[in-house]
Amino acid sequence: MLVESKREADGTLVTDWTSEGQGAIAAPVRADASTGGERILATSWDGPTRLLSAAGDELWASDQKGLSSAARPLLLSGESDANGVVIAVMVEGESFPPFGADGLILMLDADSGEEVGSIPLAGFSGSDPMVYDLDADGDQELIVKPVKVDKFGQSVGELQAFDVASGEVERSVAIDGFSVSTPLIADLDGDGRAELVD
């Protein structure tokens, strides 16, 4: 996948999408830098995670092979651009749906795209990753939904909340069904507790 954006003389931004493989499922994410202007994070199916400038120039591409993603990447900002971390939720292989495939949470340095950590997943997570402070301790947990899909299309999985630093599962709950979605966490009824809509 290649995203190419060019600004026309009248100031409008024209973006062209092309793909060498199977293309993109997840929408790209705007990742503004405190210096250096607007940037775009994008994952692809059967391809790398990329950071692009607003002009469409590729700033970096991850070098993992044999992985695909149907989930939007997530930028966990640090105190500066250089120590931010990009979270990319991947699945092994290139077929869709990924019957029997396992996944992987990749943590990439936001400045260079180099891998700084990973967490294995038992199943495919096509829903976008989320962060939320579940236990009100001031630290946000990373929430993903890995699901195992068999050749008959039956699926079973878990909603999992990870400690990003250790990679340990802090909480989990069993779920049924398969989805590729953009979840929402919000206090919808004003009772002081957040609900998850997926």
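So, a few notes on the structure that sits alongside this text. As the structure is a computational prediction, the values presented were derived from the model and not from experiment. (Residues numbered from 1 in each chain as written. Predicted model: local features only at pLDDT ≥ 70, side-chain atom pairs only at ≥ 80, totals over all residues. Heavy atoms only, no water.)

Here we look at the pattern of salt bridges
Part 1 of the reasoning: As enumerated under the stated definition, the model contains 2 salt bridges in all.
Part 2 of the reasoning: We note a salt bridge from Arg50 to Glu58, for which the minimum N-O separation is 2.7 Å. (Salt bridge = Lys/Arg side-chain N within 4 Å of Asp/Glu carboxyl O.)

Overview of the sheet that holds strand β3 (residues 29-30)
Part 1 of the reasoning: Strand order in the open sheet formed by 4 strands is β3-β4-β5-β6, and the pairing between neighbours is antiparallel. Every other strand in the sheet has two partners, leaving β3 and β6 (58-61) as the edge strands with one partner each.
Part 2 of the reasoning: Strand direction decides the pairing type here: strand β4 (residues 39-42) and strand β5 (residues 50-53), joined by 4 bridges, are antiparallel. Note on β5: the bridge partner recorded for Leu41 is Leu51. (Pairing = 2+ DSSP bridges. Helix = DSSP H or I, 4+ residues; strand = E, 2+ residues; numbered from the N terminus.)

Thoughts on the environment of Val147
Part 1 of the reasoning: Looking at the secondary structure, you find Val147 in strand β14 (residues 147-149).
Part 2 of the reasoning: Under the relative-accessibility criterion, Val147 is labelled buried at 2%.
Part 3 of the reasoning: Considering only alpha carbons, one finds Val147 and Leu121, 26 residues apart in sequence, at a separation of 8.9 Å.
Part 4 of the reasoning: Apart from residues lying up to four places away in sequence, Val147 is in contact with Gly123, Phe124, Ser155, Val156, Gly157, Ile175 and Gly177. (Buried < 20%, exposed > 50% of the residue type's maximum accessible area, 1.4 Å probe, protein only. Contact = heavy atoms within 4.5 Å.)

Re the packing of aromatic side chains
Part 1 of the reasoning: The final tally for this structure, using the stated rule, is 1 aromatic pair.
Part 2 of the reasoning: Look at Trp45 and Phe124: their rings are 6.3 Å apart centre to centre, the planes differ by 85°, and that puts the pair in the edge-to-face class. Separated by 79 residues along the polypeptide, Trp45 in the loop between β4 and β5 and Phe124 in the loop between β11 (115-121) and β12 (130-132) bring together distant segments of the chain. Here Trp45 and Phe124 have matching classes, each one buried. (Phe/Tyr/Trp six-rings, centres within 6.5 Å; stacked < 30°, edge-to-face > 60°.)

Some words on the environment of Gly100
Part 1 of the reasoning: By the element assignment, Gly100 lies in the loop between β9 (85-92) and β10 (103-109).
Part 2 of the reasoning: Beyond its immediate chain neighbours, meaning those up to four positions away, Gly100 contacts Lys148 and Val149.

Quick word on unusual backbone geometry
Part 1 of the reasoning: Here the phi dihedral of Asp46 falls at roughly 60°; this positive angle occurs in a residue that is not glycine.
Part 2 of the reasoning: Here Asp46 falls in the partly exposed class, since its relative accessible area comes to 31%.
Part 3 of the reasoning: The phi angle at Ala136 is positive, at roughly 55°, despite the residue not being glycine.
Part 4 of the reasoning: As for its placement among the helices and strands, Ala136 is situated in the loop between β12 and β13 (141-144).
Part 5 of the reasoning: With relative accessibility at 67%, the residue Ala136 sits in the exposed group.

A look at the side chain of Arg50
Part 1 of the reasoning: Tracing the sequence through the fold places Arg50 in strand β5.
Part 2 of the reasoning: We classify Arg50 as buried; its relative accessible area is 11%.

Taken by themselves, the reported measurements are silent on function.
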